[in-house]
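# Overview (structure and organization)
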Amino acid sequence: MTTPEERGRCTASRFGLRPTRLAVQRVKENLHHLLGHQRHIAWEQVARLVKRYKLEGVAGLVSRKRGLPSKHQLAPGVAERALRLIREQYADFGPTLACEKLAERHGLTLGVETVRTLMTVAGLWTPRKQRAARIHQPRNRRACVGELIQIDGSDHALFEERDPPCTLLVFIDDATSRLMQLHFVPTEWKHLSHRPADRPSFATFEQLA
């Protein structure tokens, strides 16, 4: 911790001073009620700030925590070990999955945002906001009717409670958006009895047959 003499010579940024210039002016004028209401500071803190200001001047308003190590910083060597493991085993993982694997397999319990920051600084991860936007080239429609038929299935309780839920298969012409055919089937995926067990068959192809 710095001594009062050292604090008297230090220059504090506008973030290092807890009250702003307006608050300092209020302290100087000893207007406790204005400072308390405007800066949402407890009266005990206001009294301490006024006392420090009288004894040390503006330097007394500098946070006592300035220059001290953060209580949330990682222990020495933890970040280096985590990055080494990520590079060697989880280089293609995202921060969330990498964080889970570090805890599960290596006993390194870190926050997801901590892992994300480590990977970003090391160049192993690019935040979404910094990624290049994907350009999707639009596809022109086909020129002739019937050249391309798109098929989609809509799974709903189409008949409410009068019948079991089913799927409506819709055949749409790409050139004109015309509905070519519509079929009701139990499901898009259907197990046929003449096929091996648990081998699905797409019900759409049955309608095309």
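Above this text is the structure in question.
Described below are features of the structure shown in this document. Since the structure is predicted, the reported quantities are computational estimates derived from the model, not experimental observations.

## Points about the side chain of Lys-101
Looking at the element boundaries, Lys-101 is found in helix H6 (residues 95–106). Judged by relative accessible area, Lys-101 falls into the buried class, the value being 17%. Leaving out residues up to four positions away in the same chain, Lys-101 has contacts with Tyr-90, Phe-93 and His-106.

## Thoughts on the nonpolar core
Ranked by internal contacts, the top residues of the largest apolar core, which has 14 residues, are Ala-82, Leu-102 and Val-115. Broken down by element, the residue count for this core peaks at 5 residues, all from helix H5 (residues 78–89). Setting aside anything within four residues of it in sequence, one finds Ala-82 in contact with Leu-102, Leu-108, Leu-110 and Leu-118.

## Some remarks on the pairing of strand E3 (residues 179–185)
Relative to E3, strand E2 (residues 166–173) runs antiparallel, the two sharing 6 bridges. Across the sheet, residue Leu-169 finds its bridge partner in E3, namely His-183. Hairpin remark: E2 followed by E3, antiparallel, with 5 residues in the connecting loop; positive phi at Ser-177, about 65 degrees.

## Regarding the packing of aromatic side chains
Throughout the structure, instances matching the rule amount to 2 aromatic pairs. Both rings, one in Tyr-90 and one in Phe-93, keep their centres 5.2 Å apart while their planes meet at 45 degrees; by these two values the pair is tilted. Each ring, one from Phe-159 and one from Phe-184, has its centre 5.2 Å from the other, and the planes form 55 degrees; the classification is tilted. Highlighted residues: Phe-159 in the loop between strand E1 (149–156) and E2 and Phe-184 in strand E3, separated in sequence by 25 residues. Looking at Arg-131, its charged tip hangs above the ring of Trp-125, at a distance of 4.8 Å from the centre.

Cut-offs used in this document
- Residues numbered from 1 in each chain as written.
- Predicted model: local features only at pLDDT ≥ 70, side-chain atom pairs only at ≥ 80, totals over all residues.
- Heavy atoms only, no water.
- Helix = DSSP H or I, 4+ residues; strand = E, 2+ residues; numbered from the N terminus.
- Buried < 20%, exposed > 50% of the residue type's maximum accessible area, 1.4 Å probe, protein only.
- Contact = heavy atoms within 4.5 Å.
- Core = buried A, V, L, I, M, F, W, Y, C linked by side-chain atoms within 4.5 Å.
- Pairing = 2+ DSSP bridges.
- Phe/Tyr/Trp six-rings, centres within 6.5 Å; stacked < 30°, edge-to-face > 60°.
- Lys NZ or Arg CZ within 6 Å of the ring centre and 35° of its normal.

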